[in-house]
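Overview (structure and organization)
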Amino acid sequence: MVLSNGRRMGAGSDRYDYVFACRSWPESLDGKALVIRPDQSREPWAAAEVSRLPDGTVRVVTPTDLGSSPSSVVVREDDASTWSALADRLEAVGSTDSPVDLGMAGFLLGLGAPALTRVADPHRWVAGWHDLPLNPKQRTAVEQALGSQVLFLWGPPGTGKTDVVSHIAEGCFRQGLNLLFLAPTNVAVDQALERMCELLVREPGFEDGLVQRAGEISVASLEQRYGAQVDPVRIAGRLGSRLDEQIAQTQTQLAAARAALALHDEARSLAEDLTDARNRHTTASATAQQAGMSALTLEAASAALRVRIAELGAPTGLLANRKLAKLNDLNDQLYTTGQALAGARQQEVAAQSDRASAGASISDLSGRLAALSPRLAGVAPYPQLTEQADGLQRVLDELDRQRRGLDDTVRSRCRIKGATVTKAVQSRKLLDRVDVVIIDEAAMVNLPSAWYAAGLAGKRLIVAGDFRQLPAITKGAQDRMATAPQRQHSQHWAERDAFHAAGLVTGSGSARRDDRRLVGLDTQYRMHSEICAVVNTVAYPDAPLRTGRPDRSRLPASPLLEAPVMLVDTSARRIPGRDHKSNAVHEAVIHQLVRGLQYDGVLPGRNWSEAAEGQRPTDRMAVIAPYRDQVKAINASLSYRFGTEYEGLVDTVHRFQGSQRPLVVIDTVAGAGKSPGQFYAGTGLSSQTCRLLNVALSRAQDHLIVIADVEHLRAHLAPHSEAVRMLDHLEQRALRLPVDQLVPIRSAADLGTLSEDELSRPAFFPADEVKRAVAWDMRQATKTIEVYCAFLDPGPVRYWVGPFAELTARGVQVTVIMRDHTADPRKAPLVEELRRAGCQVEQRDRMHEKVLIVDETILWHGSLNLLCTSGPTDLMMRITDSLACQRVRRIMERARPERRNSARPQPEPGTNAQPPVAAADSPAPGTELNGRLYLAVPFAEKDDAKRDVRARWDGAARLWWTSPDQRARAARWLPPQP
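Residues numbered from 1 in each chain as written. Predicted model: local features only at pLDDT ≥ 70, side-chain atom pairs only at ≥ 80, totals over all residues. Heavy atoms only, no water.

As for the overall build of the chain
- Broken down by element type, the chain carries 29 helices and 32 strands.
- In terms of C-alpha radius of gyration, the chain reaches 48 Å, well past the compact-globule figure of 30 Å for 978 residues.
- Overall, the C-alpha framework of the chain stretches about 185 × 80 × 70 Å when taken along its three principal axes.
- The 978 residues of the chain split such that 48% are buried.
- For the chain, the proportion of contacts with a sequence separation of at least 24, taken over those separated by at least 6, is 75%.
- By element, 50% of the accessible surface of the chain is carried by carbon and sulfur atoms, the whole surface being about 46,800 Å². (Helix = DSSP H or I, 4+ residues; strand = E, 2+ residues; numbered from the N terminus. Rg over C-alpha atoms; globule rule 2.2 N^0.38 Å. Buried < 20%, exposed > 50% of the residue type's maximum accessible area, 1.4 Å probe, protein only. Contact = heavy atoms within 4.5 Å. Areas by Shrake-Rupley, 256 points an atom, 1.4 Å probe, with all protein chains shown as cover.)

Brief notes about helix 5 (residues 186-200)
- With 15 residues, helix 5 should cover 21 Å at 1.5 Å per step; its first-to-last C-alpha distance of 21 Å lies within 8% of that length.
- Of the positions making up helix 5, those classed as buried are Ala-188, Val-189, Asp-190, Ala-192, Leu-193, Glu-194, Met-196, Cys-197 and Leu-200. (Expected span 1.5 Å × (residues − 1).)

Quick notes on the pairing of strand 10 (residues 416-420)
- Judged by how many residues are buried, strand 10 sits mostly within the fold: five of five residues are covered.
- Every second residue of strand 10 is oriented toward a common face, with Ile-416, Gly-418 and Thr-420 on one face and Lys-417 and Ala-419 on the other, all of them buried.

Description of the sheet that holds strand 32 (residues 959-962)
- Across the sheet, four strands lie side by side as 29-30-32-31; this open sheet has antiparallel pairing. The sheet is open, and its two edges are formed by strand 29 (928-929) and strand 31 (952-954), each paired on a single side.
- Relative to strand 32, strand 30 (residues 932-935) is paired through three bridges, and the arrangement is antiparallel. Looking across to strand 32, one finds that Leu-933 is bridged to Thr-962. (Pairing = 2+ DSSP bridges.)

Details of the confidence of the model for the chain
- Chain-level statistics for the chain give a pLDDT mean of 89 and a share of 95% at 70 or above.
- Counting interchain partners and residues more than four positions distant, the pLDDT-below-50 stretch residues 896-920 has 22 contacts. (pLDDT = per-residue confidence, 0-100.)

Observations concerning the state of the cysteines
- Taken as a whole and assessed by the stated rule, the structure comprises zero disulfides.
- There is no disulfide at Cys-868, and the cysteine sulfur nearest it, in Cys-789, is 6.1 Å away.
- When its relative accessible area of 14% is taken as the criterion, Cys-868 is described as buried. (Disulfide = S-S within 2.5 Å.)

Points about unusual backbone geometry
- One non-glycine residue with positive phi stands out, namely Asp-855, at about 55°.
- The residue Asp-855 is located in the loop between strand 26 (850-854) and strand 27 (858-862) in this model.
- Owing to a relative accessible area of 11%, Asp-855 belongs among the buried residues under this scheme.
- A positive phi angle, near 60°, is found at Glu-856, a position not held by glycine.

Structural notes on the packing of aromatic side chains
- The tally for this structure, following the rule as stated, stands at 13 aromatic pairs.
- Ring plane angle 50° and centroid distance 5.0 Å describe the contact between Phe-765 and Trp-860, whose orientation is recorded as tilted. Taken together, the residues Phe-765 in strand 22 (residues 763-766) and Trp-860 in strand 27 connect sequence positions 95 residues apart.
- Under the relative-accessibility criterion, Phe-765 is labelled buried at 0%.
- Consider the rings of Trp-800 and Phe-804, whose centres lie 6.2 Å apart with planes at 25°: the pair is stacked. Linking Trp-800 with Phe-804, this pair stays in helix 26 (residues 794-809), spanning four residues, or about one helical turn. We note that Trp-800, like Phe-804, is buried.
- Taking the ring centre of Phe-764 as reference, the NZ or CZ of Arg-573 above it sits at 5.9 Å.
- The ring of Tyr-799 has Lys-771 lying over it, and the distance from NZ or CZ to the ring centre is 4.5 Å. (Phe/Tyr/Trp six-rings, centres within 6.5 Å; stacked < 30°, edge-to-face > 60°. Lys NZ or Arg CZ within 6 Å of the ring centre and 35° of its normal.)

Focus: the packing of helix 19 (residues 688-697) against helix 21 (residues 722-733)
- In contact at an axis separation of 9 Å, helix 19 and helix 21 are set at 40° when each is read in the N-to-C sense. Seen from helix 19, the contacting residues are Cys-690, Leu-693 and Leu-697; seen from helix 21, they are Glu-722, Ala-723 and Met-726.
- Grouping the constituent residues of the contact of helix 19 with helix 21 by class yields five nonpolar, no polar and one charged. (Axes fitted to C-alpha atoms, helices over the stretch in contact; angles between N-to-C directions. Nonpolar A, V, L, I, M, F, W, Y, C, P; charged D, E, K, R; others polar.)

Points about the layout of surface pockets
- By volume, the second largest pocket amounts to about 470 Å³.
- The wall of the second largest pocket is formed by 22 residues, among which Ser-98, Pro-99, Arg-428, Lys-429 and Leu-456 lie closest to the centre.
- It is helix 1 (residues 81-92) that provides the largest number of residues to the lining of the second largest pocket, a total of three residues.
- Tallied by class, the residues present in the lining of the second largest pocket amount to ten nonpolar, four polar and eight charged. (1 Å grid on protein atoms, 1.4 Å probe; cavity = no way out; pocket = protein on both sides within 12 Å on 5 of 7 lines; lining within 4 Å. Points joined across faces, edges and corners; volume = space filled by probe spheres on them.)

Some words on the pattern of salt bridges
- Under the criterion given, the structure shown has 57 salt bridges.
- Glu-198 is the partner of Arg-225 in a salt bridge, and the nearest nitrogen-oxygen pair spans 2.7 Å. A residue pair is termed long-range when its members are at least 10 positions apart, and Arg-225 in helix 6 (residues 220-230) and Glu-198 in helix 5 qualify at 27 residues.
- Judged by its relative accessible area of 29%, Glu-198 falls in the partly exposed class. (Salt bridge = Lys/Arg side-chain N within 4 Å of Asp/Glu carboxyl O.)

A short note on the sheet that holds strand 7 (residues 150-154)
- Read from one edge to the other, the open sheet built from seven strands follows the order 9-10-8-11-12-7-13, with strand pairing classed as parallel. Strands at the two margins of the open sheet, each flanked by one partner only, are strand 9 (211-213) and strand 13 (518-520). Adjacent strand axes in the sheet meet at a mean angle of 15°, parallel and antiparallel pairs treated alike.
- Note that strand 8 (residues 179-183) and strand 11 (residues 436-439) share four bridges and pair parallel. Following the sheet pairing, Phe-181 is matched in strand 11 by Ile-438.

What about the side chain of Thr-668?
- Examined against the element boundaries, Thr-668 turns out to sit in the loop between strand 19 (661-667) and helix 19.
- Those residues within four positions of Thr-668 in sequence are excluded, and the remaining contacts are His-586, Pro-626, Tyr-680, Val-706, Ile-707, Ala-708, Asp-709 and Leu-713.

Examining the environment of Leu-334
- Relative to the helices and strands, Leu-334 is located in helix 8 (residues 320-376).
- Leu-334 has contacts with Ser-302, Leu-305, Arg-306 and Ile-309, leaving out every residue within four places of it along the chain.

So, the side chain of Asn-583
- Examined against the element boundaries, Asn-583 turns out to sit in the loop between strand 16 (565-569) and helix 16 (584-599).
- On the accessibility criterion, Asn-583 (4% relative accessible area) is buried.
- With residues up to four places along the chain from it excluded, the contact list for Asn-583 reads Gln-630, Val-669, Ala-670, Gly-671 and Ala-672.

Below, the structure is given as C-alpha cells:
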C-alpha cells in the first residue's frame, strides 16, 4: 500500500509521528502488524503503527525517521510477525513457563521410541464402528492412532483423510482425552471441525462448548450448523446469560431462606421481649406493693411524731432547753420520715408506671407473637435454614467466580479445540490440558511450528497430510540476497515438512511404507478413475491410488465434456506475449469453453441470478492457473461472460487446496513467454512443481480439462519432469478438444456475414487475412483507433496512411504508439507521414507490443506488427471485450518509462542524425556517484544483473547501476583493477 504527501507531526526519542494522504485504505490491513519504508527504497523495513483518521488521512507512528516531508512510502503486512512470535516461543522452551514436552516434540523429528500398537476394541471408542463405511487402511489408521503415542497419516487427495482424522478425534474424546486440532488454514480447520461436530453433536455438554473453534469461522456450513455451539464468544454470551439466571435464582432462594430465618429471629426476639416484659411486670408489682407498705408505715410514724410534738408543746420553764432539744430531735425525725415517705410514694408511682408499661408490652408482644405463629407454620427449623443459607451462599460465590472468569469457564468446558497452527503458536493457552495434538495438512506447516505444536501434546501426536501436496510457503531459499548457508538453513528447517523430518520419505521422494509409524491411505473417492490415472502418473507412481467411486458424471451432458479427461493443445495457435505469466490465447479458449458450457446448460447463463445451490458456477467448475496475472485476466473475462464476478471460480493452485469441483479447467499458461516460468522449474516427487500439479489435477471430480501449449512445454522442460509425464499421459489417453472448435480461424470475408453473437467470439486470423480483417473493423470504427507497433517500414506505413486519413477525416481519433524513431533518418519521414494523415504519435523507449484497439471494444493481439513488414507465419487474434481492451491499455501504461526519448535533444534539420551518446560528465562503469555503483552490463546479461545484484537502469547515463555494497558480487561487470 503506497501512502503519499507525508508530514511529520512530532518526534520523540524513539518514535516519529506522520500523517499521509491515502487514496483507498484496504480494510484487510486493519489490525495487522505492519512495516514501512520509503517507496523505491532497499532500506530495511521498520515496524509501524498505522491508523485511519476521520478525514481520510492515515497516521503512522514508527521508530524510523522518514524525514520531515516524505513524498511516498510503502506500507505492507509484516510477514515476519508470525516468525517472531514463533521465535519467542522456541526461545522459552525448557523454562518452567513453556508448555512444550521435548519428548513429544522429538517424535516429530524421528527421535525417541514412541509406543506403537493398535487398540483391540475400537468399537468402545468409535460409535457404530462395525457399520462405518471405512476401508481397511482407514480402519488401521484409526486403530493405530487410538493405541499409539505417534501416528503419521499419509492421506493423498480424496482418500477420506478428514473422515479418518474425525473418527480419531471421536475416539480420543471417548477415551477421556483432551484434544487440540491444528491445521495451517482456517478452511482446513473448519472442514475437519464440522465433521467432528457431526460425530459428537449428541454428546452431553456439546451445547456448552464441548467442541470449540479458536479464531474466526471461515466455512459457511460450519457457521450455519454449529457456529453457536463452537464459537467461544457466543458460548460465553449464552453461558453468561445462563449464569446470570442461575445467580438471580440462587439470590432469590437465598433471600427466601434468609427471610425465613428472619421470621425465626423475630419470633425468638418477641418471645424474649415478652419474657422480659413479664419479668418487669412482676418486679414492678412487687416493688409497688413494697413501696406502698413502706409508705403506710412511714405515714403512721409521721403521725406518731406529730402527736408527740404536739404533746410537748412550747419549750418554757426551767426545762425549756431540754424540751427544745427534744422538739428539735422529733422535728428532725419527722423530716426524715417525711422524706422517706415521699421516696416511698415516688417509688410506688414509678413501680406502678413500670407495671403499667410492662403490662402494655405484654399485651402488645403477646398479640404480635400470636399473629406471627401462623406465618411460622411449615417453616423449616432454624438449624436447617441456616445450613441451607450457607450452602446457597457458597453456590452464589462460585457462580459469581465463574461469571467474573467467564473465558476460563468456557475453556474449562472444552474437550476438543480447533485452531490454526499460527493461532496455537501465538496463544498462551488454548486448552487447560492438552493430551492429544492432531496436526492436519502437516505438509503445509513449516517444521519449527510443527515441532512446537507437537510439543504441546501430553500423551499422543497424530500428524496427517500429504507430502506430495502443497508445501509450507516460505521465502528464505528464494531470497536472492540470502547467502548459501542461509538458503541451506531455510531449506532444512523452514521448507521441510514433518514427514521428511521424521525420516518417512527417502531422498528420491518415495515413502518408507514399511515404517510402522506411517499409515498410508490408498483408495480415493473423489476423482473419476481416468482423472486418478493422471494424478497417479504425476504424483503417485510409486504408490498408485485405487478408485472407490463409480465412473459417472454429476454434470449435464455436453459435447465439450465427452470424456473425463480432455486436452486443448494450443501449440499451433501460439501468440507471443509480454512474459510467461499470462496467455491471451488460453484466456480466449477458457472464455469460449465457458460460453459453450453455458449454451449446453452446464453453467448458468449471463446475469442468471436464480441458479439453485449446486448449479452455480462455483458449485460446478474451478479454473486453476499458476500465475496471478493470468488469474486476473480470466476473472475479468468470465465476469463479462457471467455478468458478475464469482469469488472462488478462478484462482491459483494454493487457493484451491482442500476443495473439489465436478469440472476443473487447468490453464498451464506457458507459451506466450520465452520460458514456462518458475512453476515448472522443479523435478522429482518432492519438488514444488510436482506438488502444485498434484493439487491442481486432483481438485477435479468428474471432468478435467487441461489447456497447454504442448510444444512449448516440451521444448523447455526436462524429459523426466512431472509436467512432461503429465503431457505424455494426456497425449496418449485424453480426448483432444481442438482449439479451433473453441476459437475458430476466420477470414476477413467472414466478418460481414457473422451474427452479432458470433462476431463477438474470439477468433484467429492468419497473416494474409489480417490486413483485410483489420480494415473491416476500422471501417466500423466511430471513436478511436489505437495502434501499438514498435517498428515502422515504408510499405506497411504507406498502405495504412490512406485509411488512417479517412478515419481522422470523419472524426475518428487515431493514435500510433511506437519506439522513438526521430533519430533514425529512415524512420523519421514515416513518422511525419503518419502525423500528416492526422494520427497522434507517441514514442517510447524499449517498446515491443503489437496491439490494435478499435473503439475500446475490439482488441487485435498477436505477433504481427501492423506497420512493419512481417513473415508469413504471423498470427493475430481478434477479441471483442472492452475489459480486455482496458486491461491491455493499463499494461501498456505501466510499461511506459518515466522519461521518454522525445525529451532528448533532437538533431538539427539537414544534419546526419547519430545515436544519442551520454554527456561528457556521465559516470563511467566502476564509478560511485550519489549512492550508485555503475556497471558495464552487456544486453545479454541484463537479466543476470537484475537477479544477482538487483541492478537498475539509469536512462540518462545509459548504464546499469547497483548499490555500492554489491561491489564484490558485481565484479564481473566492473572494469579490471589496475
